[in-house]
Amino acid sequence: MNAKKLVAGCTATLLLVGNVLGVSMQAPAYTGQRISLVRAQEYPWTGAAAADVQPDFYETDAFGERAARISVKAADANDSLSQSVWADSGSDYYFSQLNTDEKKLYIELKKNADGYMTGTQDFEMAEVKRGEQKVQVCILPLVSYEGLTVEQMKKVFFSFLFENPQYYFLRNSVAYSENTKTVAVGLNQNFANGQKRAEYTNQLMQQLAVWEEQIAAQEKPLQKERLIHDLICAHVSYSPDMDAEDPDDKAMSQSCISAVLFERSAVCTGYAQLFTLLCNRAGIPCVTVTSKSHAWNKVRIGGVWYNTDCTWNDGKGDQTYLNVTDERLLADDTQKAEHVLSDEWKNRTPECAAAFDEQQAGSSENDVSDFAAAPQTMTDIAVSSQKGKLTVQFEPAAGCDGYTVQYSANAGMEQAGKKNTEKAPCVITGLKEGKVYYVRVRAYSLDSNGNKLYGAYSNKVKITVK
């Protein structure tokens with residue numbers, strides 16, 4: 001056992017004793033000292049084996065009476081997260097593969113999580129049925145997945161969970177009801193108090209700021225990525241003694257919060273989520289991927305995707321599995337097939353086929369992702385007139401989630417009205433008969449913050465309302 005592991009093990013033992021005695025041993029996280037939490041009661045949704053990193057989906061017949069009171073409305077496309085200091089800490093790679101209805105569910109989950117990340121309100125509680133037993137759990141506000149299948153809902157949650165490691169209080173658990181078409185993402189009870197959670201969030205930000213100052217001093221993406229890898233391996237200790245019967249420990253060990261604060265100890269998902277967080281905040285495209293028993297990263301450097309496994313590298317004490325191909329990982333795999341992607345990720349993760357090229361990877365190319373790109377320019381549109389209204393027809397644009405139809409009584413499109421629609425045709429009513437209008441259309445795609453990314457407008461059509 002190396003010195004880092006020995007210190008981590010001794011510290012963990014002392015903290016456990018403190019927790020048993022009810023003693024809180026806390027220190028500012030940014031100094032490098034460890035923080036402990038008094039353990040919460042056993043969480044009722046989970047019970048998977050310690051090696052299972054996959055989220056648990058728990059079907060319940062119905063939510064309790066509070067369900068209607070804490071449910072939220074469908075996502076408002078105009079209500080974006082662009083002002084949040086945390087919203088851009090993830091990646092749009094998985095999000096960009098979702099269809100429009102799936103994106104709306106993703107955005108709503110993110111808005112609710114970001115509200116808890118930036119606010120001080122206590123977590124919502126809901127009563128759910130677990131078999132014949134009713135239990136109280138902490139959840140994000142309930143969200144409808146109306147229009148989606150259960151499998152689509154699960155795909156959205158996988159994308160959201162592993163693409164947004166900044167929301168450290170999320171659990172790997174989901175309760176859902178097919179009767180009411182509602183889904184509730186589980187939250188760690190340790191962070192239910194809003195004021196205390198704000199303190200932990202502030203401590204997390206302070207530690208990230210220390211690292212990010214060092215990362216920003218590096219000139220090229222490859223240098224930044226290597227430093228991020230080394231910082232994580234130096235700071236975090238693997239947690240081999242995680243108790244499968246202690247689901248609260250399991251949740252924190254799989255979160256970046258355990259890797260950064262508390263005992264600075266995590267399992268593979270904690271390593272991978274912290275690597276994703278630091279890379280994306282540094283402008284390096286990165287995603288977390290999982291097998292049935294392991295989690296690691298795929299990262300894009302110099303325009304090429306590679307695998308990086310901080311957990312395996314920390315165990316070896318070197319950089320053997322930094323920027324390697326899929327073939328290399330599978331060749332060195334264990335009997336547990338730790339790098340065989342679980343079914344949820346098949347055909348959804350980037351292929352890592354190219355061998356590492358130091359010269360290409362070391363370029364100063366700006367590798368910021370363009371996964372949520374604006375759609376193409378609209379083709380010509382057709383506008384017909386009926387009494388007091390116009391009907392606008394157009395061909396669907398590739399890669400879009402909706403369209404904005406703009407209409408004005410002057411050719412300069414001043415004081416223009418607009419109407420959003422997700423499909424053609426679009427009917428504009430309440431217009432003055434005999435008046436001339438100018439009409440044009442542009443497509444938009446959504447990013448994971450709820451922002452609309454617009455393509456160029458179509459040509460204007462001049463038409464007189466009948």
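The structure presented is a predicted model; accordingly, all values stated were derived computationally and were not measured.

The rules behind the values
Residues numbered from 1 in each chain as written. Predicted model: local features only at pLDDT ≥ 70, side-chain atom pairs only at ≥ 80, totals over all residues. Heavy atoms only, no water. Helix = DSSP H or I, 4+ residues; strand = E, 2+ residues; numbered from the N terminus. Contact = heavy atoms within 4.5 Å. pLDDT = per-residue confidence, 0-100. Core = buried A, V, L, I, M, F, W, Y, C linked by side-chain atoms within 4.5 Å. Buried < 20%, exposed > 50% of the residue type's maximum accessible area, 1.4 Å probe, protein only. Pairing = 2+ DSSP bridges. Axes fitted to C-alpha atoms, helices over the stretch in contact; angles between N-to-C directions. Parallel < 35°, antiparallel > 145°, perpendicular 65-115°, else oblique. Left-handed = near helix turned anticlockwise from the far one by under 90°. Nonpolar A, V, L, I, M, F, W, Y, C, P; charged D, E, K, R; others polar. Salt bridge = Lys/Arg side-chain N within 4 Å of Asp/Glu carboxyl O. Polar contact = N/O pair within 3.5 Å; in protein donor to acceptor, adjacent residues only side chain to side chain. Expected span 1.5 Å × (residues − 1).

Draft legend 1. Up close: the environment of Phe356. Along the chain, Phe356 turns up in the loop between α11 (326-331) and α12 (358-361). Filtering out sequence-adjacent residues up to four positions away, Phe356 remains in contact with Leu222, Arg226, Tyr306, Asn323 and Ala361.

Draft legend 2. Seen up close, the confidence of the model for the chain. Averaged over the chain, the pLDDT score is 81; the fraction of residues at 70 or greater is 79%. Per-residue pLDDT, averaged within each element of the chain, yields its smallest value for helix α1 (residues 3-20) (32) and its largest for strand β12 (residues 322-324) (97). Within the model, the stretch residues 247-251 combines pLDDT values under 50 with 20 contacts to residues more than four positions away or in other chains.

Draft legend 3. Structural context of the nonpolar core. Residues Leu105, Tyr168, Phe169, Leu170 and Leu274 are the most contacted members of the largest nonpolar core, which totals 83 residues. Residues contacting Leu105, with those up to four places away along its chain left out, are Val143, Ser144, Tyr145, Leu148, Met153, Val156 and Val183. Listed in part, the 21 residues of the second largest apolar core include Val392, Cys400, Cys426 and Ile463.

Draft legend 4. Summary view of the sheet that holds strand β17 (residues 426-428). Taken together, three strands build an open sheet; the order of strands is β13-β14-β17 and the sheet is antiparallel. Either end of the sheet is taken by a strand with one partner, and the two such strands are β13 (382-386) and β17. Averaged over neighbouring strand pairs, the angle between their axes works out to 20° when direction is ignored. Two elements, strand β14 (residues 389-393) and β17, share three bridges in a ladder whose sense is antiparallel. The partner of Val392 across the bridge, within β17, is Cys426.

Draft legend 5. Structural detail: the packing of helix α5 (residues 194-216) against helix α9 (residues 268-281). Following both chains from N to C, one finds α5 and α9 inclined at 55°, their axes separated by 11 Å at the closest point. The orientation of α5 with respect to α9, classified from their angle, is oblique. As α5 packs across α9, the resulting crossing turns out to be right-handed. Residue-level inspection shows Met205, Leu208, Trp211, Glu212 and Ile215 of α5 in contact with α9, the latter providing Leu274, Leu277, Leu278 and Arg281. Of the residues belonging to the contact of α5 with α9, the class tally is seven nonpolar, no polar and two charged.

Draft legend 6. Representation of the pattern of salt bridges in the model. All told, the structure shown has eight salt bridges when counted by the stated rule. Glu422 serves as the salt-bridge partner of Lys104, at 2.3 Å between the closest nitrogen and oxygen. Taken together, the positions of Lys104 in helix α3 (residues 100-118) and Glu422 in the loop between β16 (417-421) and β17 put the pair 318 residues apart, joining distant regions of the chain. On the basis of relative accessibility, which here comes to 41%, the residue Glu422 falls in the partly exposed class.

Draft legend 7. Layout of the environment of Asp447. Assignment of secondary structure puts Asp447 in the loop between β18 (436-446) and β19 (452-454). Taking the C-alpha atoms as reference, Asp447 lies 9.8 Å from Ser91; in sequence the two are 356 residues apart. For Asp447, the residues in contact, after removing those within four places along its chain, are Asp92, Phe95, Ile107, Ala372 and Leu453. A distance of 2.9 Å separates the side chain of Asp447 from the backbone nitrogen of Asn449, its partner in a polar contact.

Draft legend 8. Up close: unusual backbone geometry. Put simply, Ala424 and Pro425 share a cis peptide bond, and its omega is 0°. For Asn323, which is not a glycine, the phi torsion comes out positive at approximately 60°. Note on placement: Asn323 falls in strand β12.

Draft legend 9. Spatial organisation of helix α6 (residues 221-235). For α6, built from 15 residues, the straight-helix expectation of 21 Å at 1.5 Å per residue is met to within 8% by its first-to-last C-alpha distance of 21 Å. In terms of burial, α6 is largely enclosed, as eleven of its 15 residues are buried.

Draft legend 10. Focus on the side chain of His229. Inspection of the secondary structure assignment puts His229 in helix α6. Note on His229: relative accessible area 1%, which makes it buried. A polar contact of 2.9 Å, which involves the side chain of His229, links it to the side chain of Asn313. When sequence neighbours within four positions are dropped, the list of residues in contact with His229 reads Phe275, Thr308, Cys310, Asn313, Asp318, Gln319 and Leu322.

Draft legend 11. Here's a closer look at the sheet that holds strand β9 (residues 286-290). Ordered by their spatial adjacency, four strands build an open sheet running β9-β10-β11-β12, and the pairing between neighbours is antiparallel. Looking at which strands have only one partner, the edges of the open sheet turn out to be β9 and β12. Taken pair by pair, the neighbouring strands of this sheet meet at an average axis angle of 40°, ignoring direction. The pairing of strand β10 (residues 295-301) with strand β11 (residues 304-308) spans five bridges and is antiparallel. When the bridges of β11 are listed, Lys298 appears paired with Asn307.

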